[in-house]
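Residue-level structure breakdown
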Amino acid sequence: MQTEQTGTTNHVDRTNDKRFFGHPLGLSTLAFTEMWERMSYYGMRALLVLFMTLSLQEGGLGLTVAAAGAIYGLYTGAVYFFGLPGGWIADRLIGGQKAVFYGGVTIMIGHIVLAIPSDSSFFIGLIFVVLGTGLLKPNIGAMVGELYTPEDSRRDSAYTLYYMGINIGSVIGYMVCGYLQVNWGYHYAFGAAAIGMGIGLIQYKLSAQNIAGVADGPKVPLSAQAQKTAWLAIVAFLIGVTIITSLIYSGSITFNPVVVAQNVAVIITAIFLFYFAYIFFGGNLTADEKRRMGALFLICVASTCFWAGFEQAGSSLNLFGRDYTDRMIGNFEIPTAWFQSINSYFIILLSPFFAALWVNLAKRMIEPSYSIKCAIGLIIMASGFIVMFFAAQYAAAGLKVAPYWLVATYFLHTVGELCLSPVALSAVSKLSPRRFSGQLMGVFVLTYSMGSVIAGLLSGKFDPNRVDQMPDLYLQITMFSIGVGVVLVLLSFTTSKWEKLANKEA
């Protein structure tokens, strides 16, 4: 292999490296690191709402469902939001390799803090996990693409293997942490997440030679003065977080998670709208580019609504699995967290089918527009809540329902995810004006953040003392999501023409 020196980063030609299932060996380093990081993230995330709503006498935090749901939404939303500065830090200051390593260390510290059997340290652990994930997650995914030249046709299949690692890691996390939570307690499960991240870091460092020359320095380094200013801003931000956290713990500042989540949802939405409008009105776009941006805006709306429903998995559906589902099989009780692994199993099983579906439809000259695909995904996800509407009626009658109700819901949610999620990412890359493609991908990530925070607020409406209201709440989510999907279908008669403009030069 030959090395070409460009700026501060070495670029190694890996065209002939096929040591990992026909791919560069560096893919194994990144895929396995991400697998263990996702094991730690999903394993811990599956337990958050359960732990927060558990009574103090049983070792939990004793929070209300509304407060726990809001905190869960803030946590998942923050993870996505901090991916934006995390990517910037890698590109301008330290490079992707260091960002991934330091992010992983920060995540591991967070899980170690969560493993400490002390209520006062719980939220400090969450802050560490958020900051670490924001640093690691966007950069490790970008590094996968940097293993390949623009002409290398292996890139798409590389991401397939990479995402397979993500889902294998999530399955391990759900199964291991779910088992430990039931048999050893929550803090042992959080400790297992720390061990998982630790294994990922050890693997990452031991096989670092496989990714030599990949993001080993900033792509567009700042000047010395700008670097100093940037580091001062980062340190000031961390000091600010520390001070605010201390004031909350001391009682000097009142922290109402529901109010904070509502305000954060408004702020993130405002940032999304402002940046989108800034590019639309101030980016000197042509008429065709503006039309494509209009089509992209609708896809962003669909994505936000989708994740607001889908992210019920870790909150309201998680609580439904714990409190209203018959989890006994003979003498064995299914750990609540195991239900969330169903999504990962279905992803692994169904991904090849959906990848082939779109290709075969295209061969038959049947190629639905991005808007139609996203609308179908949203409506299918909403149909999962129709299943929950009927299951909730049994729960409201005082019965515990069979596990297959949740299995059916997660199946429909997974099908919806496969229709919408990869299609929406493809739409961003294709519909964005080329000179704004990176920025608009960052703006699109905000739809995950908005959806997650909204999901947390929605889940907080599931009052365990008013089980009779649960069917109506699931029905409201269903009707709203289907309504948005139908509007998308109707608008697609126009936006599909706008999307075709992407075949022209931007």
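Details of the structure are given in the entry above.
Residues numbered from 1 in each chain as written. Predicted model: local features only at pLDDT ≥ 70, side-chain atom pairs only at ≥ 80, totals over all residues. Heavy atoms only, no water.

A few words on helix α7 (residues 186-206). Along its 21 residues, α7 runs 31 Å from first to last C-alpha, staying within 8% of the 30 Å computed at 1.5 Å per residue. The buried fraction of α7 amounts to 15 of the 21 residues, a majority that puts the element mostly inside the structure. (Helix = DSSP H or I, 4+ residues; strand = E, 2+ residues; numbered from the N terminus. Expected span 1.5 Å × (residues − 1). Buried < 20%, exposed > 50% of the residue type's maximum accessible area, 1.4 Å probe, protein only.)

Once that is clear, we can look at the packing of aromatic side chains. This model, assessed by the stated rule, comprises 36 aromatic pairs. Look at Phe280 and Phe281: their rings are 4.9 Å apart centre to centre, the planes differ by 75°, and that puts the pair in the edge-to-face class. Pairing Phe385 with Tyr474 gives two aromatic rings, centres 5.8 Å apart and planes at 25°, and the pair type is stacked. In this pair, Phe385 sits in helix α13 (residues 370-396) while Tyr474 sits in helix α16 (residues 470-500), placing the two residues 89 residues apart along the sequence. Grouping residues by exposure puts Phe385 and Tyr474 together as buried. Each member of the aromatic cluster is reached from another via a ring pair, and the members are Tyr80, Phe306, Trp307, Phe310, Phe444 and Tyr448. In this structure, Arg38 packs its charged tip against the face of Tyr41, placed 4.3 Å from the ring centre. Over the ring of Phe280 we find Lys290; its NZ or CZ atom is 5.4 Å from the centre of that ring. (Phe/Tyr/Trp six-rings, centres within 6.5 Å; stacked < 30°, edge-to-face > 60°. Lys NZ or Arg CZ within 6 Å of the ring centre and 35° of its normal.)

Once that is clear, we can look at the environment of Val129. Topologically, Val129 is positioned in helix α5 (residues 122-146). Classification of Val129 as buried rests on a relative accessible area of 1%. Placed 54 residues apart in sequence, Val129 and Tyr75 show a C-alpha to C-alpha distance of 9.2 Å. Each residue touching Val129, except ones within four places of it in the same chain, is listed here: Met44, Tyr75, Ile107, Gly110, His111 and Leu114. (Contact = heavy atoms within 4.5 Å.)

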